[in-house]
Amino acid sequence: MLLAYVLKRLFWSIPFMFAVSLVAFALIQAPPGDFVTSLAATLAQSGDVVEQARLDALRERYGLDQPFLVQYWRWITGVLHGDFGQSFEWNQPVSDLIWERMGLSVVLAIATLLFTWAIAFPVGIYSAVKKYSIGDYIISAIGFIGLSIPNFLLGLVLMYIAVVHFGSDTSGLFSEQYQQAPWSWDKFIDLLKHLWIPVIILGTSSTASLIRIMRANLLDELHKPYVTTARAKGLSEWHLLVKYPVRLALNPFVSTIGWAFPQLVSGSVIISYVLSLPTAGPLLLQALLAQDMYLAGAFILLLCCLSVFGMIVSDILLAIIDPRIRYR
Amino acid sequence: MTAETPVIEVKNLVTEFATRRGPFRAVDNVSFKLMPGKTLCLVGESGSGKSVTARSILQIVDPPGRIMSGQILLNRHMTRRGRSETADTLDLAALNPRSSAIRAIRGRDIAMIFQEPMSSLSPVHTIGNQIGEAIRLHENVSKAEARARTIELLRKVEIPNADKTIDRYPFEYSGGMRQRAMIAMALACNPGVLIADEPTTALDVTTQAEILSLIKKLQDDEGMAVLFITHDMGVVAEIADEVAVMRFGKLVEHGDTISIFENPQHDYTKMLLGSVKQLDRPAPRRLARRAEHPPGNTLLDVEGLKKTFFIDSGSFFRKGDELHAVNNVTLTLRSGENLGIVGESGSGKSTLGRCIMRVYDISGGAIRYTDRDGMTSDLATLPDRSLMAARRDLRMVFQDPFASLNPRMTVAQLIGEPLLVNGVLSGKALNDRVAELLGLVGLPATAMERYPHAFSGGQRQRIGIARAIALEPRIIIADEATSALDVSLRSQVLDLLLELQERLDLSFIFISHDIAVIRYFCDRVAVMYKGRIVEEGPTEEVCSRPVHPYTQSLLSAVPHPDPRMRGTRVRTRYREQA
């Protein structure tokens, strides 16, 4: 039953991914003009006059004069072979540019997700079980502050504290000596040293909202009749709490995987600028501004893949923890 | 001496709930004894404190509830498992609700089953897991052993294919099977006392009869003491050895079953029994009225009505199943007549009512309605726009008086809405009409400015009725209109409906699962089973001489509020031939 459900989910994701890729391609084509137009504009600014014939030649070379569907077909068949096309702006294959940045983005996203859960899960349970206690009020107050502080402000404050009080280098994800170095254990340790600031900044508001969600869900479950049944069996309060209501309040937690991934990548653009992190966000923004369509397209497609993947993972996890979903 | 010693002795129990207005005493100085092998029925209407009493025994009252004083003495040497000559008495009220001492009692010496078999089991754990947990909590056995015993228990409560169904989830069980599983869980450690809190209230009568006889049989086998909480005097007459009547947290009367039924002392007990007995016969008022005004012309003629639901199979390639919720139903309703539709849950009786109102689009058949001018039209084929007029003549009263009134609207807005929507009245005239309608249903005009939460269940149902009669309809479809009400309120509401019938010349289609209510209120009754009408006729005739085997089984399962009739009737189970 569960296997059938998983296979069905995976099967349906294939046509869905194609639809998503079509939309992604349409989106990057949507702004007026193309890369050649913005190139001409940049050149014109520096005083160069570009002949129309040269622009047309450029268009022809990149296939920009072809109809939309033809361009899409060329692009998507390339993508299936791992070729994301050429970045106009960087004059490099897109795949050389994106993987490291995507990788770091995903590492950052997963680290933030784990941080969020590690804090929100126990704190949310405490807050629900000790409803209206002093601890609950303090947690709620901190939670609301966490929700309302803008990320970039928190980033600046944390950077200030880290630099002034701890004297640590806070910009980027690596120290200077490791920036170009190949991956090694030391480089990984160095990454961890830098990771905590963006993780806290990115995780604060989602932690705060997850605490609220966990608290509200658990409060709903705590007084359900099946809890009374379990109590009447003679189960101790702690085992009872963990086995029954917490288990049922878990669903929204798992659902967060689905939306956390894309949100973390796209939502971290500002933070990445502030902290100058070598993640996908800043490069995506730059590519969009320059109408560097293959680069932007690759990012958007990968982001969409991540969301679809996140949704599948959360759906499968939900099916595992809640049999009612599996059998429908 | 052993025969005289109770298993549990509750002495002067007081349980209070802290509220903002000071403590609310839910259980007020209650004392009773539970004897081994005997059943004590705790009777009372909603809010009388009977459930809190039961929960106090196990110390599982939800906060802010707290036992304030009194004793709950458990004589452990009287339970089957701990039987010995030396006295071993424990005061449960003195234990901390979170202590391991009370946890060792819960589920082991005293087990409990609850009203809602669906929500009382965890939806995400298998039945076997939940029952096995109860065993392993109190006894040092291996997982395999616990599983074997769970299968044994499931067999004992007559669940088919126990070795397979043990791994199923509660939502794969029917309501009756879930309650059986609950009972199996309660019996897991051979408790000396079983507390059953309205265990059959959410079940159909035929299922109820099976569960009751199962509990009885297990009690005889195990010699358990049973504390059975119910509001249904029929059930009490069927199973109780002793009866305790509760009202406003106090025990008002206590005695053996026969003397309580035949010689009640307290006014409240008399009233309770009176309203039950009153419902067990045709309403005199209705009979008198029919003698004077026999039912007139045919108002509504339903022919071959069908409603099919399509169930999505969840797969793109497979076609979904069809469910014939209403299958070829033919009915007539004459003016000034009350037609009852009786059936168990899932029989399609509510769907039928909604089809007649055209809340649902129907799949086939005709609903011919004759209006005031003698014009007959087929509601089944009318477009929505033309239905407006017919819908003013056909109104509905719903089951749940809490859910069917918008909590954000005042009573005046609720009752006035149909008048306003249909553009009949507005402003001052509307207000006057609402006041008049409130008077008709026996509520003061001062109720107008208040919100529904300020009223009790019975009063809310009156508001719902006032809303239904606002447009001077001719037919009212009442879908389980009295099911959510306490028994003493039921007859009041039914009498109100009969009075309105006389004053406003109404006809009723009364949908219910409760035979007693149908018998009181309806001239004719149609028995529904799996979407079909299996029997139809004058109420008294169907009730006293049922022809169809399903009707016979339904009637045989209805508990009779007379303890002397206990065991005199043979219960039959209807199984459809495939």
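Criteria and thresholds
- The residue numbers shown here count from 1 along each chain, following its written sequence.
- Lettering of chains starts at A and numbering of ligands starts at 1, both following the order in which they are written.
- Under the rules for a predicted model, residues below a pLDDT of 70 receive no local features and side-chain atom pairs below 80 are neither given nor counted, while totals for whole chains, interfaces and linings still include all residues.
- Each side-chain value is worked out from all heavy atoms of the structure, with water and hydrogens disregarded.
- Helical segments are the DSSP runs of H or I of at least four residues, strand segments are the runs of E of at least two, and each set is numbered from the N terminus.
- Put simply, the radius of gyration uses C-alpha atoms, and a globule should come to 2.2 Å times the residue count raised to 0.38.
- Only protein chains enter the accessibility calculation, which uses a 1.4 Å probe; a residue is then buried when its area is under 20% of its type maximum, exposed when over 50%, and partly exposed in between.
- Every residue pair with non-hydrogen atoms within 4.5 Å of one another is taken to be in contact.
- Residue exposure ignores everything except the shown protein chains as possible cover, and the areas themselves are Shrake-Rupley values with a 1.4 Å probe.
- Lys and Arg are tallied as positive, Asp and Glu as negative. Neither His nor the chain termini are counted.
- To locate a charge, take NZ of a lysine, CZ of an arginine, CG of an aspartate or CD of a glutamate.
- Here the quantity called buried area is the accessible surface, traced with a 1.4 Å probe, that two parts lose on coming together, added over both.
- Salt-bridge detection follows one rule: a side-chain nitrogen of Lys or Arg within 4 Å of a carboxyl oxygen of Asp or Glu.
- Think of a polar contact as two N or O atoms within 3.5 Å of one another; within protein, one of them needs to be a possible hydrogen donor and the other a possible acceptor, and neighboring residues in sequence only count if both atoms come from side chains.
- An automatic or database domain assignment provides the domain bounds reported here.
- Geometry of aromatic contacts follows a simple scheme: Phe, Tyr and Trp rings, the Trp one being its six-membered ring, pair when their centres are within 6.5 Å, and the pair is stacked under 30 degrees between planes, edge-to-face over 60, tilted otherwise.
- The set of buried Ala, Val, Leu, Ile, Met, Phe, Trp, Tyr and Cys residues whose side-chain atoms join them within 4.5 Å is what this entry labels a nonpolar core.
- Here, strands pair whenever DSSP counts at least two bridges between them.
- With strands facing away from the observer, any crossover in which the path from the first strand over the helix to the second runs clockwise is taken as right-handed.
- Axis definition: a line fitted to C-alpha atoms, over the contacting stretch in the case of helices. Angles run 0 to 180 degrees between N-to-C directions.
- To count toward a patch, a residue needs a relative accessible area over 30% and no salt bridge; like charges are then connected within 9 Å, while nonpolar side chains (Val, Leu, Ile, Met, Phe, Trp, Tyr) are connected within 5 Å.

What to know about the overall build of chain B
Item 1. In terms of helices and strands, chain B carries 20 helices and 20 strands.
Item 2. By the compact-globule yardstick of 25 Å for 578 residues, chain B fits well, its C-alpha radius of gyration being 26 Å.
Item 3. Seen through its principal axes, chain B has C-alpha atoms that stretch 85 × 60 × 45 Å.
Item 4. The burial tally for chain B puts 55% of its 578 residues in the buried class.
Item 5. Partitioning the contacts of chain B with sequence separation of at least 6, the portion at a separation of at least 24 is 69%.
Item 6. Accessible area for chain B stands at about 25,100 Å²; split by element, carbon and sulfur atoms hold 49% of it.
Item 7. Of note, chain B has its 73 positive side-chain charges centred 3 Å away from the centre of its 70 negative side-chain charges.

A look at the overall build of chain A
Item 1. When helices and strands are tallied, chain A shows 16 helices and two strands.
Item 2. Taken across its 328 residues, chain A has 47% of its residues classed as buried.
Item 3. In chain A, the proportion of contacts linking residues at least 24 apart, taken out of those at least 6 apart, comes to 73%.
Item 4. For chain A, the exposed surface amounts to about 16,700 Å²; the carbon and sulfur share of it is 68%.

Regarding the interface of chain A and chain B
Item 1. In this assembly, 24 residues from chain A lie in contact with 31 residues from chain B.
Item 2. Here chain A packs against chain B, burying approximately 2,500 Å² in sum over the two surfaces, 64% of which is carbon and sulfur.
Item 3. Scanning the region where chain A abuts chain B turns up three salt bridges.
Item 4. Here Lys233(A) and Glu133(B) are joined by a salt bridge, their closest N and O atoms 2.7 Å apart.
Item 5. Counting every contact that joins chain A to chain B gives 11 residue pairs in polar contact (both at pLDDT 80 or more).
Item 6. Those elements that place two or more of their residues in the side of chain A that touches chain B are helix H1 (2–29), helix H9 (225–233), helix H10 (237–243), helix H11 (245–249) and helix H16 (323–326) of chain A.

Comments concerning the domain arrangement of chain B
Residue and element names in this part refer to chain B.
Item 1. By domain assignment, chain B separates into domain 1 (2–278) and domain 2 (284–402 + 475–545).
Item 2. Here domain 1 and domain 2 have C-alpha centroids that lie 38 Å from each other.
Item 3. Taken together, the contacts link 11 residues of domain 1 with nine residues of domain 2.
Item 4. The contact between domain 1 and domain 2 buries some 920 Å² in all, and 43% of this surface belongs to carbon and sulfur atoms.
Item 5. When the buried surface of domain 1 facing domain 2 is broken down by residue, Glu45, Asp204 and Gln278 rank first, second and third, together holding 49% of it.
Item 6. Taken together, the links from domain 1 to domain 2 amount to zero salt bridges.
Item 7. Where domain 1 packs against domain 2, one counts two residue pairs in polar contact (both at pLDDT 80 or more).
Item 8. Put simply, the parts of the chain that give the side of domain 1 that touches domain 2 at least two residues each are helix H7 (205–222) and helix H10 (267–278).
Item 9. Broken down by element, the side of domain 1 that touches domain 2 gets its largest block of residues, five residues, from H10.

A word on the packing of aromatic side chains
Item 1. Enumeration according to the criterion identifies 14 aromatic pairs over all chains in this entry.
Item 2. Where Tyr132(A) meets Tyr137(A), the ring centres are 6.4 Å apart and the plane angle is 20°; that geometry is what we call stacked. An identical accessibility class is assigned to Tyr132(A) and Tyr137(A); each is exposed.
Item 3. Ring centres of Phe508(B) and Phe521(B) lie 5.2 Å apart, and the angle between their planes is 75°; this geometry places the pair in the edge-to-face category. Of the two residues, Phe508(B) is situated in strand E18 (residues 507–512) and Phe521(B) in helix H18 (residues 515–521); the sequence distance between them amounts to 13 residues.
Item 4. Taking relative accessible area as the criterion, Phe508(B) reaches 0% and is therefore assigned buried.

Overview of the nonpolar core
Generally speaking, a soluble globular protein has its nonpolar side chains buried in company with each other.
Item 1. One finds Ile57(B) and Ile110(B) to be the most contacted residues of the largest nonpolar core, which totals 152 residues.
Item 2. Both of domain 1 (2–278) and domain 2 (284–402 + 475–545) of chain B provide at least three residues apiece to this core.
Item 3. Leave out the neighbours within four places in its chain, and Ile57(B) touches Ile8(B), Val10(B), Phe32(B), Ile72(B), Leu92(B), Ile110(B), Ile195(B) and Leu227(B).
Item 4. If you look at the next biggest cluster of nonpolar residues, it comprises 36 residues, including Phe25(A), Trp75(A), Leu97(A) and Ala280(A).

A word on the pattern of salt bridges
For side chains bearing opposite charge, pairing can occur when the charged atoms are close.
Residues and elements named next belong to chain B.
Item 1. Summed over all chains, the structure comprises 39 salt bridges over all chains.
Item 2. In this structure, Glu222 and Lys156 form a salt bridge, with 3.0 Å as the shortest nitrogen-oxygen distance. Here Lys156 lies in helix H4 (residues 143–156) and Glu222 lies in helix H7, a separation of 66 residues in the sequence.
Item 3. Look at Lys156 and you get partly exposed, because its relative accessible area is 29%.
Item 4. A network of salt bridges, in which partner residues are shared, links Glu16, Arg25, Asp28 and Lys250.

Some words on the pairing of strand E7 (residues 193–197) of chain B
Residues and elements named next belong to chain B.
Item 1. By the criterion of burial, E7 is predominantly enclosed, with five of the five residues buried.
Item 2. One ladder, built from four bridges, connects strand E6 (residues 110–113) with E7; its direction is parallel. By the bridge assignment for E7, Ile110 is matched with Val193.
Item 3. Across five bridges, the pairing between E7 and strand E8 (residues 225–230) is parallel. Its bridge partner being in E8, Ile195 is matched across the sheet by Leu227.
Item 4. Once you follow E7 into H7 and on to E8, the crossover reads as right-handed.

A word on the sheet that holds strand E9 (residues 242–247) of chain B
Residue and element names in this part refer to chain B.
Item 1. Pairing is mixed in the open sheet, where six strands are placed in the order E6-E7-E8-E3-E9-E10. Looking at which strands have only one partner, the edges of the open sheet turn out to be E6 and strand E10 (250–256). Each strand axis lies, on average, 15° off the axis of its neighbour in the sheet, ignoring direction.
Item 2. On top of the sheet, H10 reaches strand E3 (39–43), E9 and E10; it is set at about 105° to E9, its chief contact.

What about a nonpolar patch on the surface?
Item 1. Where nonpolar side chains cluster on the molecular surface, the patch consists of Ile145(A), Ile149(A), Phe152(A), Leu153(A), Leu156(A), Val157(A), Tyr160(A), Ile161(A), Val163(A), Val164(A), Phe166(A) and Ile270(A) and spans about 1,100 Å² of accessible area.
Item 2. Judged by its relative accessible area of 40%, Phe152(A) is partly exposed.

Here we look at the sheet that holds strand E13 (residues 338–342) of chain B
All names here are of chain B.
Item 1. Within the open sheet, the six strands sit side by side as E16-E17-E18-E13-E19-E20. Their pairing is mixed. The sheet is open, and its two edges are formed by strand E16 (394–397) and strand E20 (532–538), each paired on a single side. Strand-to-strand twist in this sheet, taken as the mean axis angle between neighbours without regard to direction, amounts to 20°.
Item 2. Sheet topology places strand E19 (residues 524–529) next to E20; six bridges connect them, and they run antiparallel. Each bridged residue has a counterpart across the sheet, and for Arg524 the counterpart in E20 is Pro538.
Item 3. Running at roughly 175° to E16, helix H16 (residues 457–469) makes contact with E16 and strand E17 (475–479) of the sheet.

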